[in-house]
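An overview of the molecular structure
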There are 2 protein chains.
Amino acid sequence: MKVHELPTPALVVDLAVLDHNIDTMAAARPGPALRPHVKAFKCTELARHVADRGGHRAFCCATMREMEGMAAAGLGGDLLLANETLDAPRLTALVDRGDARITVAVDSPETVEVAAAAGAEVLVDVDVGLPRCGCRPDEAGRLADLARSRGLQVRGVMGYEGHIVGNPDRTARSEALATSMERLRRAHEDVGGGLVSSGGTGTYDLHDWADEVQAGSYLLMDTHYARLGLPFEQALRVAVTVTSTSPTRGWGVVDAGLKAFGMDHGNPTLDGFDVFFCSDEHTTFLAPGGPGSDGGLPAVGERRWMVPAHVDPTVAYHERIFVADGEDVVDIWPVDLRNW
Amino acid sequence: MKVHELPTPALVVDLAVLDHNIDTMAAARPGPALRPHVKAFKCTELARHVADRGGHRAFCCATMREMEGMAAAGLGGDLLLANETLDAPRLTALVDRGDARITVAVDSPETVEVAAAAGAEVLVDVDVGLPRCGCRPDEAGRLADLARSRGLQVRGVMGYEGHIVGNPDRTARSEALATSMERLRRAHEDVGGGLVSSGGTGTYDLHDWADEVQAGSYLLMDTHYARLGLPFEQALRVAVTVTSTSPTRGWGVVDAGLKAFGMDHGNPTLDGFDVFFCSDEHTTFLAPGGPGSDGGLPAVGERRWMVPAHVDPTVAYHERIFVADGEDVVDIWPVDLRNW
């Protein structure tokens, strides 16, 4: 099948661009220096491709569904739930499968007890400046002691500088990262363990101390990360069809809307046109020439490309990714790790 | 199973509230006076419940997937695609199934030709003020003539006043609706046919001329529609678990974020707390007492309820709806009409 024959809206990854991104990252952070973040693509086939081509064997996840799916797909060599869970039955079942190495982030006595009940290894999650999960640096040692007293393997620390990774000023990112890593160092001194896990796509090449970076968005990219001047390129687009045009009034409509795009970073973009607004299943775009005889609008039935502002939720809203090698659709990857 | 035992995040509908909403609408717009809009819930089990309890037999849809799924579920007595499609092969296959009455909106010669190729009935879609699909009122008659010349049954006109339905001022909604309906009347005079289809939840009781109203959000409701003072109540909530708290810093975290909520109308709400921000799989909320000894935060592991700002995309981001009768989970309805 050809790309232009796909029913729309269709989520399409350009394999050559994806491979460029994998290769670029693997050159900068080879093998264990990167722990690709599954939350950015939620797809075991894509994870397998990253493992095969990029040589990364450890992955991190944001949800139990992602952990379970990666283990079931044979990709569980070293899985980190870079998030807190209180679901002891589900974590226990995952550990008891026996086919994956399971590590979870902990930042409270309660989450340590869940890990202990399940027999999972742990990383102590430290607040490095993002107001979300993670204990204070001065609490990390006590949590590690508690975990060890419960018989757990404490592998080290993690801290995610999510308040920094999207800053378009590289110098500002670098300076803020130093402050964050000072907090993580203090925690690591008290916690011990051989693993320091941190970072994301926006700081992948600024980390000079962490053992591994948790980047995921670099694989597919979006308009938000594109502003950072990183060497990764846009691999993911949504194929759409023009369903309606109104030359005299100066707008047109395509058949993908806010159910097909992560909207938290703003509107998606549409090749060649300014987006006016998104409805559930429509995007209205403006005629370049304004209202008039034809206004520069495409014909009803033409295909166009849209690019999401935020790739992570966008992928989660689709059931499959069509893999394109040029104009040919060479594979279909189910987004099998979405939902919870 | 009890509601508080569900793995989180979980989309939960309160059956008593849903039934109140169905009954309230059916009293105001009985049977054929309402064409419930499937896009608001994307679930054939919920549609079946609306048909059985509310007595509405005609439905409208926004996507081909919704049309196909409703037909396959035996709910195809009168299905309207209230949207334009250029996918002639798929529409043809749907008509050729022979188990559903299929009507599609048309607003251009191209969409008329697609309907003609498939043998679908049509409604002429008229721009009544929302800058999206729909022809100008003065074009509607020519489109109807074209459709009839191609052998199509022209059932009448439709026009959706989406620019009005969310206005919290009832008087303003009513006045703007009069202007919109004047446009639709002009078109209907030229088009003919026995069916005038229009409206949504925000204008359901303001229509005094249209034969049927295309409302869907009234069934589940959201914080956006709640501002309109309608007699429908919030039936849909997301059960979440507190995964992390930081009393000294003044915030806590639950395990549902922007992948679990439609974000285009703003942040979801969290019972008892102010939402700070949403990440992919987290929502950070503020301690009512500010940073301090305990700040009024819940304990890690406690359950809470969140309410989406926009119900339509929220449902589309989940794979199932848990149906609650009080504390008991009495059914699980797959969100089987999502995706495309």
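For clarity, every value in this text was computed on a predicted model and none was experimentally measured.

**Considering the side chain of His49(B)**
For His49(B), the position within the fold is in helix 2 (residues 44-54). The contact partners of His49(B), leaving out residues within four places of it in the chain, are Leu15(B), Leu18(B), Asp19(B), Ile22(B), Gly54(B) and Trp333(B).

**Comments concerning the domain arrangement of chain A**
All names here are of chain A. We note that the domain assignment places domain 1 (16-218) and domain 2 (236-334) within chain A. At the interface, 10 residues of domain 1 touch 7 residues of domain 2. Of the roughly 730 Å² buried between domain 1 and domain 2, counting both surfaces, carbon and sulfur atoms make up 63%. On the domain 1 side of the interface with domain 2, the three residues burying the most area are Ala-40, Cys-43 and Glu-45, jointly 40% of the side's total.

**Focus: the interface of chain A and chain B**
With 59 residues of chain A at the contact, the number on the chain B side is 59 residues. Taken over both partners, the interface formed by chain A and chain B buries close to 4700 Å², and the fraction arising from carbon and sulfur atoms is 55%. One can count 8 salt bridges joining chain A with chain B. Asp280(A) is the partner of Lys39(B) in a salt bridge, and the nearest nitrogen-oxygen pair spans 2.8 Å.

**Thoughts on the sheet that holds strand 8 (residues 212-213) of chain B**
Residues and elements named next belong to chain B. Taken in spatial order, the 7 strands line up as 2-3-4-5-6-7-8 in an open sheet, and their pairing is parallel. Edge positions in the sheet fall to strand 2 (58-61) and strand 8, since each has one partner strand and no second. Bridge count between strand 4 (residues 102-106) and strand 5 (residues 121-125): 4 bridges; the pairing is parallel. Paired with Val-106 across the bridge in strand 5 is Val-124. Its contacts with the sheet place helix 3 (residues 64-72) against strand 2, strand 3 (78-81) and strand 4, and it is angled at close to 170° to strand 3.

**Here we look at the environment of Trp251(B)**
With respect to the helices and strands, the residue Trp251(B) is situated in strand 10 (residues 251-254). The exposure class of Trp251(B) is buried, given its relative accessible area of 12%. The spatial distance from the C-alpha of Trp251(B) to the C-alpha of Asp274(B) is 9.8 Å, given a sequence separation of 23 residues. If near-sequence neighbours (up to four positions away) are discounted, Trp251(B) is found in contact with Asp127(A), Leu130(A), Pro131(A), Arg132(A), Thr245(B), Ser246(B), Thr284(B), Phe285(B), Leu286(B), Ala287(B) and Leu297(B).

**Re the relation of the copies chain A and chain B**
For the match of chain A to chain B, the screw axis carries a shift of 0.0 Å, the RMSD comes to 0.0 Å, and the turn is 180°. Here the copies are linked by what is in effect a two-fold axis.

**Concerning the pairing of strand 14 (residues 303-307) of chain B**
Residues and elements named next belong to chain B. The pairing of strand 9 (residues 236-246) with strand 14 spans 4 bridges and is antiparallel. Within strand 14, the position partnered with Ala-239 by the bridge is Trp-305. In terms of strand pairing, strand 11 (residues 269-270) meets strand 14 through 2 bridges, oriented antiparallel. If you follow Leu-270 over to strand 14, its bridge partner there is Met-306.

**So, the sheet that holds strand 3 (residues 78-81) of chain A**
Residue and element names in this part refer to chain A. Taken in spatial order, the 7 strands of this open sheet run 2-3-4-5-6-7-8, and their pairing is parallel. Two strands bound the open sheet, and with one partner strand each, they are strand 2 (58-61) and strand 8 (212-213). In the sheet, strand 2 pairs with strand 3 via 4 bridges, with the strands oriented parallel. Across the sheet, Phe-59 pairs through a bridge with Leu-79, a residue of strand 3. Its contacts with the sheet put helix 3 (residues 64-72) on strand 2, strand 3 and strand 4 (102-106), and the angle it makes with strand 3 is roughly 170°. Sheet strands touched by helix 6 (residues 137-149): strand 4, strand 5 (121-125) and strand 6 (154-159). Its angle to strand 5, the strand with the most contacts, is close to 165°.

**Regarding the side chain of Thr111(A)**
Residue position: Thr111(A) is located in helix 5 (residues 109-118). Within the structure, the side chain of Thr111(A) is placed 2.9 Å from the side chain of Ser108(A), a separation counted as a polar contact.

**So, the confidence of the model for chain A**
Mean pLDDT over chain A works out to 96, with 100% of the residues at or above the 70 mark. The complex model carries a pTM of 0.96, and its ipTM stands at 0.95.

**Details of the pattern of salt bridges**
Counted according to the given criterion, the structure contains 48 salt bridges over all chains. Between Asp280(A) and Lys259(A) there is a salt bridge, with the nearest N and O atoms lying 3.3 Å from each other. Of this pair, Asp280(A) sits in the loop between strand 12 (274-278) and strand 13 (283-286) while Lys259(A) sits in the loop between strand 10 (251-254) and strand 11 (269-270), placing them 21 residues apart in sequence. There is no split in this pair, since Asp280(A) and Lys259(A) are both buried. Its salt-bridge partner being Arg65(B), residue Glu319(A) comes within 2.5 Å of it at the nearest N-O pair. Residue Glu319(A) is located in the loop between helix 9 (311-316) and strand 15 (320-325), and its partner Arg65(B) is located in helix 3; the two belong to separate chains. With relative accessibility at 24%, the residue Glu319(A) sits in the partly exposed group. What makes Arg65(B) buried here is its relative accessible area of 18%. By sharing partners, the salt bridges in this structure join Arg35(A), Asp78(A), Arg155(A) and Glu212(A) into a single network.

**Comments concerning the packing of aromatic side chains**
Residue and element names in this part refer to chain A. Inspection of the entire model under this criterion finds 9 aromatic pairs over all chains. Here the aromatic residues Tyr-204, Tyr-218 and Phe-232 are joined through ring pairs into a cluster of three or more. When the ring centre of Trp-209 is taken as reference, the NZ or CZ atom of Arg-185 above it lies at 4.7 Å. Of note, Arg-237 hangs over the ring of Trp-305, and the distance from its end group to the ring centre comes to 3.8 Å.

**Observations regarding helix 7 (residues 170-191) of chain A**
Residue and element names in this part refer to chain A. If you check helix 7, its first and last C-alpha atoms are 30 Å apart, about what 22 residues at 1.5 Å a residue would give, namely 32 Å. Listing the buried residues of helix 7 in full gives Arg-173, Leu-177, Ser-180, Met-181, Leu-184, Ala-187, His-188 and Val-191. The buried residues of helix 7 occupy one face: seen down the axis, they fall within an arc of 115°. Projecting away from the buried face of helix 7 at angles above 90 degrees are the exposed residues Glu-175, Thr-179 and Glu-189. The elements touched by buried residues of helix 7 are strand 5, helix 6, strand 6 and strand 7 (195-198).

What counts and how
- Residues numbered from 1 in each chain as written.
- Chains lettered and ligands numbered in written order.
- Predicted model: local features only at pLDDT ≥ 70, side-chain atom pairs only at ≥ 80, totals over all residues.
- Heavy atoms only, no water.
- Helix = DSSP H or I, 4+ residues; strand = E, 2+ residues; numbered from the N terminus.
- Contact = heavy atoms within 4.5 Å.
- Domains from an automatic or database assignment.
- Buried area = accessible area lost by both parts, 1.4 Å probe.
- Salt bridge = Lys/Arg side-chain N within 4 Å of Asp/Glu carboxyl O.
- Pairing = 2+ DSSP bridges.
- Axes fitted to C-alpha atoms, helices over the stretch in contact; angles between N-to-C directions.
- Buried < 20%, exposed > 50% of the residue type's maximum accessible area, 1.4 Å probe, protein only.
- Least-squares fit on C-alpha atoms with pLDDT ≥ 70 in both.
- Polar contact = N/O pair within 3.5 Å; in protein donor to acceptor, adjacent residues only side chain to side chain.
- pLDDT = per-residue confidence, 0-100.
- Phe/Tyr/Trp six-rings, centres within 6.5 Å; stacked < 30°, edge-to-face > 60°.
- Lys NZ or Arg CZ within 6 Å of the ring centre and 35° of its normal.
- Expected span 1.5 Å × (residues − 1).
- Arc of directions from axis to C-beta.

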